[in-house]
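The chain contents come next:
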Amino acid sequence: MNRDYASFRHIALDDVDSTNTACLERARDGDPGGLWITARRQLQGRARRGRSWVSEAGNLYASLLLINVAKPADLATLPLAVSLAVHRAITAVLPPGAANATIKWPNDVLIGGAKISGILLESETLHDGRVAVVIGCGINVAHAPEQTMYRTTTLQAEGSGVSPDELFARLFMTMGEALDVWDGGRGIAAIRRSWLDNAEGIGKHIQVKLHQQTIGGIFAEIDQSGSLVLVQDDKTVRKIAAGDVFFK
């Protein structure tokens, strides 16, 4: 990985299927990584678990391509660094008096309990053996999707007049800083501490929807691997690597 984040390249596109797809296509063509791609609009935006993501013009759609960023075992902690970077970028553009931004496990950002961003990480082993990792970030600047599992909001609704381009400039910096601290997983302890300081729901009762069941318990913490530690209603402790969290 190129750790001089200020030297990352940036390509701004108009309409694309998705910025993640655009990054993966360039990786397959031999791009060395350290490449940001932004778009005015996504025609086939994607979210976690194969869901679609509404991608109208006026929001920020940005993906970062990294090559061989960490050992496979350490990639599970990358979402913590990414969500922290997105949280910091959003916090920097909120006006005085706005509701606090918090991080919702595994990698969403909320304002006043309403979702304002989504993050999708994808990886692929390329034909030459390199591992491409794409960090996709969608942030609601002017538009919020309707009929979602969670309440949503926008930066405009929260009183911010930031443009997508201005927000990307913030994200460019905060992502580079977070990746430098994360350092391929070696700096996860510092990332985890900052993540927990800004987390939504720690110590509260939550519901976690898994593939075939929903379980409840107290959100105790996240561990060094990025898994959610849940003290279930029967007092047993369960570590969860993937799921959808709902607050009561």
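A short tour of the structure in this document, coming up. (Residues numbered from 1 in each chain as written. Predicted model: local features only at pLDDT ≥ 70, side-chain atom pairs only at ≥ 80, totals over all residues. Heavy atoms only, no water.)

Some details on the packing of aromatic side chains
A complete count under the given rule lists four aromatic pairs for this structure. Feature note: the residues W36, F168 and F172 constitute an aromatic cluster, connected by ring pairs. (Phe/Tyr/Trp six-rings, centres within 6.5 Å; stacked < 30°, edge-to-face > 60°.)

Things to note about the side chain of S63
Structurally, the position occupied by S63 is in strand β3 (residues 60–67). Exposure remark for S63: the relative accessible area of 0% places this residue in the buried category. Here T19 takes part through its side chain, which lies 2.6 Å from a polar atom of the side chain of S63. (Helix = DSSP H or I, 4+ residues; strand = E, 2+ residues; numbered from the N terminus. Buried < 20%, exposed > 50% of the residue type's maximum accessible area, 1.4 Å probe, protein only. Polar contact = N/O pair within 3.5 Å; in protein donor to acceptor, adjacent residues only side chain to side chain.)

As for unusual backbone geometry
Backbone geometry follows two general trends: most residues other than glycine have a negative phi, and most peptide bonds adopt the trans configuration. For the bond from W105 to P106, the omega torsion is 5 degrees, close enough to zero to count as cis. Despite not being glycine, N68 shows a phi value in the positive range, around 50 degrees. Structurally, N68 can be placed in the loop between β3 and α2 (78–93). Residue classification places N68 among the partly exposed residues on the basis of a relative accessible area of 42%. Its identity as a non-glycine residue notwithstanding, D183 has a phi of 55 degrees, on the positive side. The residue D183 is located in the loop between α3 (164–182) and α4 (188–197) in this model. Of the residues examined, D183 reaches a relative accessible area of 23% and is grouped as partly exposed.

Some thoughts on the nonpolar core
Within the largest apolar cluster, 55 residues are counted, with the highest numbers of intra-cluster contacts made by I90, L155 and M175. The residues contacting M175, other than those within four sequence positions of it, are W36, L64, V82, A85, V86, I135 and C137. Of all hydrophobic cores here, the second largest spans 11 residues; its members include A27, L35, I67 and L126. (Core = buried A, V, L, I, M, F, W, Y, C linked by side-chain atoms within 4.5 Å. Contact = heavy atoms within 4.5 Å.)

Quick notes on the sheet that holds β3
Strand order in this open sheet of seven strands is β1-β2-β3-β7-β6-β5-β4, and the pairing throughout is mixed. Edge positions in the sheet fall to β1 (9–16) and β4 (101–104), since each of these pairs with one other strand and no more. The mean inter-strand angle of the sheet, taken between neighbouring strand axes irrespective of direction, is 20 degrees. In the packing of α2 onto the sheet, contacts are made with β4, β5 (108–111), β6 (114–125) and β7 (131–139), and the angle to β6 comes to roughly 145 degrees. (Pairing = 2+ DSSP bridges. Axes fitted to C-alpha atoms, helices over the stretch in contact; angles between N-to-C directions.)

Structural notes on the environment of S163
Tracing the sequence through the fold places S163 in the loop between β7 and α3. On a C-alpha basis, the gap between S163 and L121 in space is 24 Å, while along the polypeptide they are 42 residues apart.

A word on the pairing of strand β8 (residues 205–209)
Alternating positions in β8 separate cleanly, I206 and V208 being buried on one face and H205, Q207 and K209 remaining unburied on the opposite face. Relative to strand β9 (residues 214–222), β8 runs antiparallel, the two sharing five bridges. Across the sheet, residue V208 finds its bridge partner in β9, namely I215. Between β8 and β9, which pair antiparallel in sequence order, lie four residues. In this sheet, strand β12 (residues 244–247) lies alongside β8 in antiparallel orientation, the contact comprising four bridges. Residue pairing across strands places Q207 opposite F246, the latter belonging to β12.

Re the sheet that holds strand β11 (residues 237–240)
Across the sheet, five strands lie side by side as β11-β10-β9-β8-β12; this open sheet has antiparallel pairing. Edge positions in the sheet fall to β11 and β12, since each has one partner strand and no second. In this sheet, neighbouring strand axes are inclined to one another by 45 degrees on average, regardless of whether the strands run parallel or antiparallel. In the sheet, strand β10 (residues 228–232) pairs with β11 via four bridges, with the strands oriented antiparallel. Bridge assignment links V229 to a residue of β11, and that residue is K239.

Focus on the packing of α3 against α4
Running from N to C, α3 and α4 cross one another at 130 degrees; their axes reach a closest spacing of 7 Å. In this view, α3 runs oblique relative to α4, as classed from their interaxial angle. Here A178, V181 and W182 of α3 come into contact with α4, specifically with I188, A190 and I191. Of the residues belonging to the contact of α3 with α4, the class tally is six nonpolar, no polar and no charged. (Parallel < 35°, antiparallel > 145°, perpendicular 65-115°, else oblique. Nonpolar A, V, L, I, M, F, W, Y, C, P; charged D, E, K, R; others polar.)

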